[in-house]
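Chain residues, written in single-letter form:
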Amino acid sequence: MLNIKGLSTSYGSIKAIKEIDLDVPQGSIVSLIGANGAGKTTTMKSLVGLLKPQSGLVKFLDQEIRGLAPHKIVSLGISLVPEGRNILSGMTVLENLEMGAYQRKDPDVQGDLKKVFQRFPILEERRQQLGGTLSGGQQQMLAIGRALMARPKLLLLDEPSMGLAPLVVSDIFRVIQEINAEGTTILLVEQNVRQALKIANYAYVLETGKIVLHGTAEEVAKNPRVMEAYLGGA
Ligand code: ATP
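The rules we used
Residues numbered from 1 in each chain as written. Predicted model: local features only at pLDDT ≥ 70, side-chain atom pairs only at ≥ 80, totals over all residues. Heavy atoms only, no water. Near = heavy atom within 4 Å. Polar contact = N/O pair within 3.5 Å; in protein donor to acceptor, adjacent residues only side chain to side chain. Areas by Shrake-Rupley, 256 points an atom, 1.4 Å probe, with all protein chains shown as cover. Nonpolar A, V, L, I, M, F, W, Y, C, P; charged D, E, K, R; others polar. Helix = DSSP H or I, 4+ residues; strand = E, 2+ residues; numbered from the N terminus. Contact = heavy atoms within 4.5 Å. Buried < 20%, exposed > 50% of the residue type's maximum accessible area, 1.4 Å probe, protein only. Pairing = 2+ DSSP bridges. Axes fitted to C-alpha atoms, helices over the stretch in contact; angles between N-to-C directions.

(A) Inspection of the site of the ligand at higher detail. Close contacts around the ligand come from 13 residues, with Gly 37, Gly 39, Lys 40, Thr 41 and Thr 42 the closest. Between Lys 40 and the ligand, the recorded distance is 2.8 Å, taken from a backbone N or O atom to an oxygen atom. The contact in question runs from an oxygen atom of the ligand to an N or O atom on the side chain of Gln 191, over 3.1 Å. Out of a free accessible area of 630 Å², the ligand has 61% covered by protein chains. Grouping the constituent residues of the shell around the ligand by class yields four nonpolar, six polar and three charged.

Take a look at the structure:
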């Protein structure tokens, strides 16, 4: 569904990602793991047009999308749930969700709102509450709900479990699996490597801007280097 070849993005003279190759097959969950500063967020932003890569190819459903504007990429069916969630704290839950549908031309926003509320009943209860008053886990759910309002075919999740209590983290991973089971393909960036490998089909390991390892999630989880560096040697 998504095929990345030789993707490189720099900040001035700093090469943050270097010649990345990565494939996300339709229907899969693919995890991208790596330490702080490895280039995971840069990869995600490069895919959705928030950063302009210097070179490489990004094919989505057989269309070249590198260099397209972010709103165009959303309308083709890719939504990003950004690191740190970016909830509009002075707007209500409902307004935040409606923002997610602003690109849509079809009229069934109400139907999709209903689906988001079915998935996250707490958001319906708090629909008139300001986004900034939600707990961290609820804000993450709101960020995912907002992305779903654009009806993505491919959902990019950047560190969805960051800063959340363990029970809430389990909830978030369960929701990711449900969304995938209902037909949305997922590219997941995580520092919670153990959980990310548990739910993924494939995984890529990024170190200082380069893919150093990839394979099925099972293969990657068994790799001694991954066990040592990311799974506490377990
Ligand atoms: P984290 O989990 O900490 O967000 P990451 O794997 O997502 O890490 P990136 O944020 O993509 O890593 O950063 C990759 C590299 O690019 C790092 O060396 C970082 O210092 C650098 N970098 C990131 N953003 C900028 C920026 N706006 N200007 C300059 N350098 C940046």
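(B) Geometry of the environment of Tyr 11. Turning to its location among the elements, Tyr 11 is positioned in strand S1 (residues 2-11). As a C-alpha pair, Tyr 11 and Val 109 span 98 residues in sequence and 38 Å in three-dimensional space. Other than its neighbours up to four places away in sequence, Tyr 11 contacts Ala 16, Thr 42 and Leu 51. Looking at Tyr 11, its side chain comes within polar contact range of the side chain of Thr 42, at 2.8 Å.

(C) Looking closely at helix H1 (residues 40-47). The buried count for H1 comes to six of eight residues, which makes it a mostly enclosed element. Every buried residue of H1 is accounted for by Lys 40, Thr 42, Thr 43, Met 44, Ser 46 and Leu 47. Of the residues trailing H1, Gly 49 is marked for its positive phi of about 85°.

(D) Spotlight on the sheet that holds strand S8 (residues 185-190). One open sheet holds the six strands; their spatial order is S6-S7-S8-S3-S9-S10, and the pairing between them is mixed. Since the sheet does not close on itself, it has two edges, and those belong to strand S6 (78-81) and strand S10 (210-216), each with one partner. Between one strand axis and the next, the sheet turns by 15° as a mean value, whatever way the strands run. By the bridge criterion, five bridges tie strand S7 (residues 154-158) to S8 in an arrangement that is parallel. Considered in S8, the bridge of Asp 158 is made with Val 189. Sitting on the sheet, H1 touches strand S3 (29-33), S6, S7, S8 and strand S9 (202-207), and the angle it makes with S7 is about 150°.

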